Amino acid sequence: MFVPTALEMSVFRFMVFLFFSYELESKPQYNAELPRRIMALSGSCVQIPCRFNVSEISLKSTERLFGFWMKKNHDFKISKNLVFNGKTNIIRGFNNIEILGNLSQRECTTVFYDVMKNHSDNYYFRVETKPSVWNYTYSDNPIYISVSDSPQPPTLKPTDRKEVMEETTVNLSCSAEAPCPKQPPTISWTYIPESANITTQLKEKPDKTQSVFSRMTFKASYMDHRRNISCTATYPRKTSNDTTVETTVMLRVLFPPKETHITIDPSASVSVGTNVTLTCKSKANPSNNMVFFWHKCGNVENQLDFGEQLTFTVNRRSGGRYFCIAKNEHGIQMSEEIQLIVAVELSVPLIAGCVGGISALLLLFLLATLLRRVQKEKASSESNVKETDQIGCIYENVFMKRK
């Protein structure tokens, strides 16, 4: 029985290593890096991120490389399958197809322009060389292009917004697919708080496809509570109108009582015996566990009652300034004071006495006025008599002198 020596075993292992190394180099594991599926919008373009593997020796042995794309089937010999021939620049079924990547750098990113719904299918990439040292169709790595008439709504995160405390920072992010980075969608926000800061950029995803990403950061205010914030994506297309899709999330803000005030029914000026209801109104979240306290200024006991409403029958001591306090688990707020005026009702005898007194005063005023007028007329008459006597005296003196 033949037993190999240690030297012979070493030589044998070395030869096996060289053989398998040669086999791996001469038969490289070809594969292409493509997304399994990509969404496209009809009337727009779609960019397919693409990278292929090939050995360094194979690349060095070629002068030029050419890219091919086949639809439905990877058999490039069937002419109807071939939609792009990089050697002869033949394009079938599309207005234009452009390979953006540098094939010598193993980059095969391609743009299909003006895609339509009938373009939905599997697509295969192929490389041919000059001289024709090696050619290969990456049949194990197809990409499915799905063409739709309407784009997917943008993704708004967080999708289910948890409640946030007032004055804390809120971060909302919105992303919209950009199947055609040359014509990316624009993102807008329907409700923008005063303190908001917005940044928008085109970002690459792990599968090399792209999306438009917008982030809005702001401080939560109680006025933002239950606000619907929408992220809207507008896609340009070769149609009469651009396409708009949106996603909405409701913001929930926790805050202590705000805008606390009192309303009075029926009015702030009432008479004795009237039923009055004071209502304490306030905004807060949570509001289902709010408590209200009632107070009257100058009241020794100070606190009158608790509850959203205070109802009582008015008496002479009911007038004064009232205020309420609203409270929830996050804080309290006191309302402004409101004045309740109790009108005094006059009795019939008192009214008659007042009327009689006023009448007597008017009569005395009229008598005094008449008396003064009589005195003025009498004084005026006496003055006229004196003037007449003086005139008569003067006339008489003048007449006697002439005689």
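Please read these numbers as outputs of a predicted model, since none were measured by experiment.

Basis of the calculations
- Within any chain, residue numbers begin from 1 and follow the written order of that chain's sequence.
- pLDDT decides what is reported in this predicted model: residues at 70 or higher carry local features, side-chain atom pairs at 80 or more are listed and counted, and totals for whole chains, interfaces and linings draw on all residues regardless.
- Note: side-chain values were computed over all heavy atoms of the structure, leaving out hydrogens and water.
- A helix here means a DSSP run of H or I that spans at least four residues, while a strand means a run of E at least two residues long, and both kinds are numbered starting from the N terminus.
- Type-normalised accessible area, obtained with a 1.4 Å probe on protein chains alone, sets the label of each residue: buried when under 20%, exposed when over 50%, and partly exposed for intermediate values.
- Note on contacts: a residue pair is in contact if any heavy atoms of the two residues lie within 4.5 Å.
- Strand pairing requires that DSSP identify at least two bridges connecting the strands.
- All axes here are fitted lines through C-alpha atoms, helices being fitted over the stretch that makes contact, and every angle between N-to-C directions spans 0 to 180 degrees.

Q: Can you help me understand the environment of Ala268 in this one?
A: Within the element layout of this structure, Ala268 appears in the loop between strand S21 (253–265) and strand S22 (269–271). Overall, Ala268 belongs to the partly exposed group, its relative accessible area being 34%. Note: C-alpha distance between Ala268 and Leu278 (10 residues apart in sequence) is 9.7 Å. Setting aside residues up to four positions removed in sequence, Ala268 forms contacts with Gln339, Leu340 and Ile341.

Q: Quick question: what am I supposed to make of the sheet that holds strand S16 (residues 186–189) here?
A: Sheet strands line up and pair through hydrogen bonds in the backbone, either parallel or antiparallel. Read from one edge to the other, the open sheet built from three strands follows the order S16-S19-S20, with strand pairing classed as antiparallel. Since the sheet does not close on itself, it has two edges, and those belong to S16 and strand S20 (243–251), each with one partner. Strand-to-strand twist of the sheet, defined as the mean angle between neighbouring strand axes without regard to direction, takes the value 20°. Summarising the sheet, strand S19 (residues 227–235) and S20 pair through nine bridges and their orientation is antiparallel. Pairing of Asn228 across the sheet is with Met250, part of S20.

Q: Even after reading the chapter, I still don't get the side chain of Gln210, so can you show me in this structure?
A: Among the secondary structure elements, Gln210 is positioned in strand S18 (residues 210–219). Residue class for Gln210 comes out buried when judged on its relative accessible area of 18%. The contacts of Gln210, once residues within four sequence positions are left out, are Gln47, Glu177, Ala178, Pro181, Leu202, Lys203 and Glu204.

Q: Mind showing me how you'd approach the environment of Ile187 here?
A: Residue position: Ile187 is located in strand S16. For Ile187, a relative accessible area of 14% corresponds to the buried category. Separated by 33 residues in the primary sequence, Ile187 and Pro154 place their C-alpha atoms 9.0 Å from one another. For Ile187, the residues in contact, after removing those within four places along its chain, are Cys174, Ala176, Val212, Ser214, Cys231 and Thr232.

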